[in-house]
Structures are given as C-alpha cells and as structure tokens.
Amino acid sequence: MRIVLGVGGGIAAYKVASLLRLFTEAGHDVTVIPTEASTRFVGTATWEALSGNPVSNSVFDDVHLVNHVRLGHEADLVVVAPATADLLAKAATGQAGDLLTNTLLMAHGPVLFAPAMHTEMWQHAATRANVETLRGRGAAVLEPASGRLTGADSGPGRLPEPQAIFDAAMALVQGRSDYQLPLAGRTVTISAGGTRESLDPVRFLGNRSSGKQGVALAVAARNAGATVRLLAAHMEVPAPAGVEVQRVETALELREAALAAAADSDVIIMSAAVADFRPGEVSDTKIKKRDDTADPVITLVRNPDILQELVEKRNASRAGSGQLVVGFAAETGDSQGDVLAYAQAKLQRKGCDLLVVNHVGMDKVFGQDSNAVVILSRAGSEPQEASGTKTEVSEAIIRRISFELNHVSPRA
Ligand code: CTP
C-alpha cells in the first residue's frame, strides 16, 4: 500500500518515527511530508532514513514530477500525525500553502488525522468546528488520548500510541467504522500492587504482589485511549507515564480512594492484592521484644471487601449502571474443587461483571512477567482464555473490557 504520512509541528512528532516503522515493517511504501514547523522537532534526515524515500514539503522541489497532485492521487491512505490545531484548521479550510496541504486536497483514498495538542486547544470551539467539518467530509479524526501533556497538566490531547494509530489506519483502509480508539473518552480506574497493613510504625503485613499486572493493564488502557487512574498500593515496578497515580498503603486507604474514583469511572479494575485481614490494633510505638513477657499475639480483623462494595454502589445508582466492575481472583484448586469452580463461585459472590482468574502457586504469577488467565463473565458467556506476557494478557483483558463497554447493555 502507498501511504503518505504528514507530520505536524508538535512535540509528539518524535513518536511518529515509531509509527513510520510500523508502516514500513508491514511492507508499506511510505512518503513522509513533514510541515516546515515539524522539522524543528524531527529533522528530514530521520524521515528519509526511516522511509527510504526522499522527503520534502515544498511544491517547488521536483516540479517535473508534479508531486502536489501526484502524491495525493496515488496514495491509498493519508495519515496526519500529530495533527496540530493549525493543520486541522488548514485542512478544514482547504488551504494549500505547502505540499502536505496540497496532498490533503488531492487525496482520493481515506484520510486519518491523529490529533495532539493541549487540552484547551482541542476543546476550543474553533478546533471542534474544524474537526466536525473534516469528519463531515468523510475524513477520520481520532479522539486524542488522555493523560500527561507536555507540561505539568493532563487531559485529552496526547497523541494516541503509534500502535493505536496504526490499528486505526488499517481498520479505516478495510472500511471499518470502529477505527476510533476503543476506550477514547472513557475513564478507567485500576488498583495495583499489594496493600500493607501496619502493625507498628516499622512493621506491616504484606503480600507478594509486584504490581506488574496492574501496571500493564494501565498501559493497555492508556494505549486504548482511556484516561487512566492508577490506585497504586505497594509496587515493585514504576508507574507508567501518561496515567494519573494515587498512592495508597492499606486496604482501608485503597477502599476510600476506589469509592471516590468510582464516582466518575466507566471501568474499575481491582487488580490489587488486597489484604483480607489487618491487625486489630496498630501500635503507635515499635513493639519491643522483652525477655520477661510472653510471645506477642497478633489479632486480625477483616478488611471490607472493596470489590463487593464497588458493585453494590454501582447497582444502587441508576446513573452508574453503565459502569463495568472487574475483579481478579488468585485461585488454587484443592480436593474440594478446581480453580474454575472456585472462581465461578467467587464471581457470583462478589457480583462483578468480569472476573479475571489466575492460577497461583508460589512460583506462578507473583512477580513473573508472563501469565495465563481465564476471563469469566457474570452474564454467562463462555470463559475466555488469554496467555502470554503480562502485556499481552493485559491487552486481551482491555479488548474484552472495551467490547463489554461498547457492545453490551447496562449491567446493574
Ligand atoms: N478484593 C477487594 N477487597 C478485599 C479483598 C479482595 O476488593 N478486601 C478484590 C481483589 O482486588 C480482587 C478480588 O477481590 O479483585 C478477589 O480477591 P481474592 O483475595 O482472590 O478473593 P477473596 O474474596 O479474598 O476470596 P478468598 O480469600 O476466599 O479466596
């Protein structure tokens, strides 16, 4: 396929090098047309080397080839990334001051804009109108992803991940209408890691959760276009870029954070390993060992079941009936029943919409990079298996969540 890749003048231009690689590695012939402004971010040498084709944005280079007409005519697909506010405005008003805008006017095949700009520019009435105009003419304009922007603030306006733009472009070429990022405009709250239940100022009861699965889910949800809120208990891995992070320590702190986040979340994924019990008393001072006293005894009390509370809260609110609540279950089988039988019972008991089931042993799952899960649905569809790296498993879980959200009616 012949692809024209227009590059706008935004900081996200550097990510487009990866997009170009995805196109060329899939065997496509790509001509890159960077705007003048974009070459202040990424130089033409990068585009020439990666595409293997000459690069220009002037209508006065190689005039005999009539590039300003030919490139648009011959392209099977035109992708503009990052589509800046300026480029969207130029395209909407049909300007033709350079080779890229000429090509857009001459394009015969599908055109995909992947916007990236500050949230306020994206939400400005002028940009909204330009996007509507372009969509009205049949161009595809992706919703930008949400998350951390170039400065300290965050919101919608991030360039979607290269793989997401690539997938959208391929869907568009196949004539599919589901080219938008599956979680665009959605807020996904994910709890990750293991809670730590204090005994005294220096000691706690913890668990083996590394947080890897929760972090991989956060990345997959972010890449699918969601605004992601990560409720991070103790994790051995760093939180990913482009997600909002709230640190929590104990189950009670996580409960408070999760119930608050639930108020405006489309999806809540409880992948954290929450301690079922906490010490009944937390000593203000370090518990000392003394030779003259008996061995200390720790009395445990039950922690609230956060997942169950989230489901009850969702079910009690009519407005929240579209919310999807996803639980995790780390199960082992025993003589009384196998892993799936226990998991089915847990799904019914907790009432969540999906339950992602891990089979655990001391050497399995915790801290490992790979995983195999079964996704059970309360609605009763067939159990779905997913295996591979935690990234692959997370992508499968997020695909399933997107499907439930976009194609299955309210759950409560
Ligand atoms: N969970 C929760 N609050 C708790 C305990 C667990 O929200 N106090 C959530 C976990 O985040 C996970 C799911 O519930 O999504 C299943 O956790 P698990 O510990 O496997 O289930 P339990 O209900 O504790 O069942 P059991 O210990 O009997 O296996």
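For the structure, see preceding data.
All of these numbers come straight from a predicted model, not from anything done at the bench. All residue numbers refer to position in the chain's written sequence, counted from 1. At least 70 in pLDDT is required for a residue's local features to be given in this predicted model, at least 80 for side-chain atom pairs to be given and counted, and no such filter applies to totals for whole chains, interfaces and linings, which use all residues. Remark: hydrogens and water are excluded; side-chain values derive from all non-hydrogen atoms of the structure.

K.L.:
Got a sec to walk through the pattern of salt bridges? Specific residues and values, please.
P.N.:
A side chain with one charge may pair with a side chain of the opposite charge, provided their charged atoms come close. A carboxyl oxygen of Asp or Glu within 4 Å of a side-chain nitrogen of Lys or Arg is what we treat as a salt bridge. On inspection of all chains with the given rule, the structure shows 19 salt bridges. The shortest N-O distance in the salt bridge between arginine 21 and glutamate 25 comes to 3.4 Å. Pair noted here: arginine 21 and glutamate 25 are both in helix H1 (residues 16-25), with a separation of 4 residues, about one helical turn. Throughout, exposure labels follow a simple rule: accessible area from a 1.4 Å probe, protein chains only, divided by the maximum for the residue type, with under 20% read as buried, over 50% as exposed, and the rest as partly exposed. Among the residues examined, arginine 21 registers a relative accessible area of 41% and is labelled partly exposed. For glutamate 25, a relative accessible area of 61% translates into the label exposed. Only runs of H or I of at least four residues qualify as helices and only runs of E of at least two qualify as strands under DSSP, and these elements are numbered from the N terminus.

K.L.:
Tell me what's going on with the packing of helix H3 (residues 67-74) against helix H5 (residues 99-106), and back it up with residues and numbers.
P.N.:
Where H3 contacts H5, the axes come no closer than 7 Å and their chain directions differ by 50°. Between H3 and H5, the angle falls in the class oblique. Helix-helix and strand crossings are classified by hand; for H3 and H5 the assignment is right-handed. Together, Asn67, His68, Val69, Leu71, Gly72 and His73 of H3 and Leu99, Asn102, Thr103 and Met106 of H5 make up the contact between the two elements. Lys, Arg, Asp and Glu make up the charged group, whereas Ala, Val, Leu, Ile, Met, Phe, Trp, Tyr, Cys and Pro make up the nonpolar group; the residues left over, Gly among them, are polar. Of the residues belonging to the contact of H3 with H5, the class tally is 4 nonpolar, 6 polar and no charged. Helix axes use the C-alpha atoms of the stretch in contact, all axes being lines fitted to C-alpha atoms, and the angles between their N-to-C directions lie in the range 0 to 180 degrees. Angle categories: roughly parallel below 35 degrees, roughly antiparallel above 145, roughly perpendicular from 65 to 115, and oblique for all the rest. Here a crossing is called left-handed whenever its near helix is offset anticlockwise from the far helix by less than a right angle, and right-handed whenever the offset is clockwise. Contacts were defined at the residue level, with two residues in contact if any of their heavy atoms lie within 4.5 Å.

K.L.:
Let's hear about the site of the ligand: which residues, and what values?
P.N.:
Taken together, 16 residues are adjacent to the ligand, and Met270, Leu307, Phe328, Lys346 and Lys350 come closest. At 2.8 Å from an oxygen atom of the ligand is found a main-chain nitrogen or oxygen belonging to alanine 272. Between phenylalanine 328 and the ligand, the recorded distance is 2.8 Å, taken from a backbone N or O atom to an oxygen atom. Note that accessible areas follow from Shrake-Rupley with a 1.4 Å probe, and for residues the cover is restricted to the protein chains shown. Expressed as a share of its isolated accessible area of 580 Å², the protein-covered part of the ligand is 77%. Of all the secondary-structure elements, those providing two or more residues to the shell around the ligand are helix H11 (306-316), strand S16 (324-331) and helix H12 (339-350). Considering only residue class, the shell around the ligand consists of 10 nonpolar, 1 polar and 5 charged. A single heavy atom is enough: if one lies within 4 Å of a molecule or strand, its residue is considered near that molecule or strand. Counted as a polar contact is a pair of N or O atoms within 3.5 Å, where, for protein atoms, one must be capable of donating a hydrogen and the other of accepting one, and residues adjacent in sequence contribute only when both atoms are in side chains.

K.L.:
Explain the sheet that holds strand S1 (residues 2-7) residue by residue, including any values.
P.N.:
Paired strands, as defined in this entry, are two strands with at least two bridges between them according to DSSP. Taking strand neighbours across the sheet as the criterion, the 5 strands line up as S2-S1-S3-S4-S5 in an open arrangement whose pairing is parallel. Of all strands in the sheet, those bounded by a partner on one side alone are strand S2 (29-34) and strand S5 (140-141). Strand direction decides the pairing type here: S1 and S2, joined by 6 bridges, are parallel. Within the sheet, the bridge partner assigned to valine 7 lies in S2 and is proline 34. Relative to the sheet, H1 contacts S1, S2 and strand S3 (77-83), its axis offset from that of S1 by approximately 180°.

K.L.:
Provide a residue-level description of a nonpolar patch on the surface, including the pertinent values.
P.N.:
Residues enter patches when they are more than 30% accessible in relative terms and free of salt bridges; like-charged ones are connected within 9 Å and nonpolar ones (Val, Leu, Ile, Met, Phe, Trp, Tyr) within 5 Å. A surface patch of nonpolar side chains, amounting to about 340 Å² of accessible area, comprises Leu205, Phe277, Ile298 and Leu300. When you line up the elements, isoleucine 298 lands in the loop between strand S14 (277-279) and strand S15 (300-302). The class for isoleucine 298 is partly exposed, based on a relative accessible area of 47%.

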